[in-house]
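Read off the chains here:
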Amino acid sequence: MREGDTIESLLADATESLEGSGTATPRLDAELLLCHQLDCTRTRFMTWPEQKVSPEDSEAYRALVVKRCEGLPIAYITGESEFWSLPLATSPDTLIPRQDTETLVEQALLLPLPDDARVLDLGTGTGAVALALGSERYGWDVTGSDASPAAIALARRNGEALGLPGVTFVESDWFSDLEPGRWDLIVSNPPYVAEGDEHLEQGDLRFEPHSALVAGADGLDAIRLIAREAPAHINPWGWLLLEHGYEQAEAVVDLLGEAGFRDLFSRRDLTGRFRVTGGRWPGG
Ligand code: GLN
């Protein structure tokens, strides 16, 4: 056991270890893990770098750094992530919420929908999208569904922790176990990576659930299923809004058009790439 670790000495050692590990952000990773261990914000590291850290915290922190050096995503090490400024418990049973997906939430909030809209988030994972929508529109009746019981348990925990009991979660493999009923909006961030895509071997994706990422040879299997089955579950002139890969917008527009959706549109994410496509179901 080393004596006399300070915030700065721990961060310097951890950054050095992480530099060889393949992460693009060694210092940031070191800081985020220390925030988690000491339950503080990064500001403290700047204002008081020479503060002593107890041997227990130092040892526990080094164990976290080892996990990160092995490639484990920060969100799985800490069990926490943030989406739409909401703190969310996160586990290897779910995708780690991504900032890209905030585009899906933004676009959903721009749709002309009734104050008491019934909204379904298909494949909710941590509950991120459902909870973000519920936190913005108290009148909406928001349901998140997921095929994974572990994801549903986590999403429920997140809803309770955020004090959003109006957002409910149900276990269902896509539409198969949902109560009959019609939604005014169905949103989804489905799996859309193609089988064998090289990104699956890189970074955080190596540790995330395959079923939340991969959807067949062209990555469009889940979106095909949703386009085919959603019409039976959407109110006349209700909306379907899907996240997809930035090279899939045209294909998704075609799929929704072939399925009978109208008023199709695609929207760009913060990096300027088409990331979300939607349309209205005319009914019938
Ligand atoms: N945007 C994610 C990625 O490529 C994929 C998420 C998804 O398949 N829904 O990292």
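A quick note: this is a predicted structure, and the numbers were derived from the prediction, not measured.

A. Structural context of the overall build of the chain. Counting its secondary structure elements, the chain contains 11 helices and 9 strands. Here the chain has a C-alpha radius of gyration of 21 Å; the compact-globule value for 284 residues is 19 Å, and the two agree. Each principal axis of the C-alpha distribution contributes one length, and for the chain these read about 75 × 40 × 30 Å. If you take every contact in the chain between residues at least 6 apart in sequence, the share linking residues at least 24 apart comes to 65%.

B. A look at the sheet that holds strand 3 (residues 118-122). The strand order 5-4-3-6-7-9-8 describes an open sheet built from 7 strands, whose pairing is mixed. Edge positions in the sheet fall to strand 5 (168-171) and strand 8 (262-268), since each has one partner strand and no second. Strand-to-strand twist across the sheet, computed as the mean angle between neighbouring axes with direction ignored, equals 20°. Sheet topology note: the strand 7 (residues 234-243)/strand 9 (residues 274-281) ladder contains 6 bridges and is antiparallel. Paired with W239 across the two strands is R280, which belongs to strand 9. Lying over the sheet, helix 6 (residues 102-110) contacts strand 6 (183-188), strand 7, strand 8 and strand 9, oriented at roughly 35° with respect to strand 9.

C. How the structure looks around the site of the ligand. Around the ligand, the neighbouring residues are R98, D100, N189, P191, Y192, V193, H199, L205 and L213. Its residues assigned to classes, the shell around the ligand shows 5 nonpolar, 2 polar and 2 charged.

D. Geometry of helix 6. Those residues of helix 6 that sit buried are T103, L104, V105, Q107 and A108. In this structure, the buried side of helix 6 is in contact with helix 7 (128-136), strand 6, strand 7, strand 8 and strand 9.

E. Geometry of the pairing of strand 4 (residues 141-146). Among the 6 residues in strand 4, 5 count as buried, and that is most of the element. Read as a crossover between parallel neighbours, the route from strand 3 over helix 7 to strand 4 is right-handed. As a crossover connection, the stretch from strand 4 through helix 8 (residues 149-161) into strand 5 is right-handed.

F. How the structure looks around the UniProt feature "domain: Methyltransferase small" (unreviewed entry) in the chain. In the numbering used here, UniProt assigns the feature "domain: Methyltransferase small" (unreviewed entry) to residues 110-199. The span residues 110-199 carries 26% helix and 23% strand; its end-to-end C-alpha distance comes to 32 Å.

G. Examining the UniProt feature "domain: Release factor glutamine methyltransferase N-terminal" (unreviewed entry) in the chain more closely. With numbering aligned to this structure, UniProt lists the feature "domain: Release factor glutamine methyltransferase N-terminal" (unreviewed entry) at residues 10-79. A distance of 21 Å separates the end C-alpha atoms of residues 10-79, which is 69% helix and 0% strand.

Conventions we followed
- Residues numbered from 1 in each chain as written.
- Predicted model: local features only at pLDDT ≥ 70, side-chain atom pairs only at ≥ 80, totals over all residues.
- Helix = DSSP H or I, 4+ residues; strand = E, 2+ residues; numbered from the N terminus.
- Rg over C-alpha atoms; globule rule 2.2 N^0.38 Å.
- Contact = placed C-beta atoms within 7 Å.
- Pairing = 2+ DSSP bridges.
- Axes fitted to C-alpha atoms, helices over the stretch in contact; angles between N-to-C directions.
- Near = placed C-beta within 6 Å.
- Nonpolar A, V, L, I, M, F, W, Y, C, P; charged D, E, K, R; others polar.
- Buried ≥ 20, exposed ≤ 12 C-beta atoms within 10 Å, placed from the backbone.
- Right-handed = clockwise from strand over helix to strand, strands pointing away.
- UniProt positions renumbered as here; feature names shortened; annotations may be inferred.

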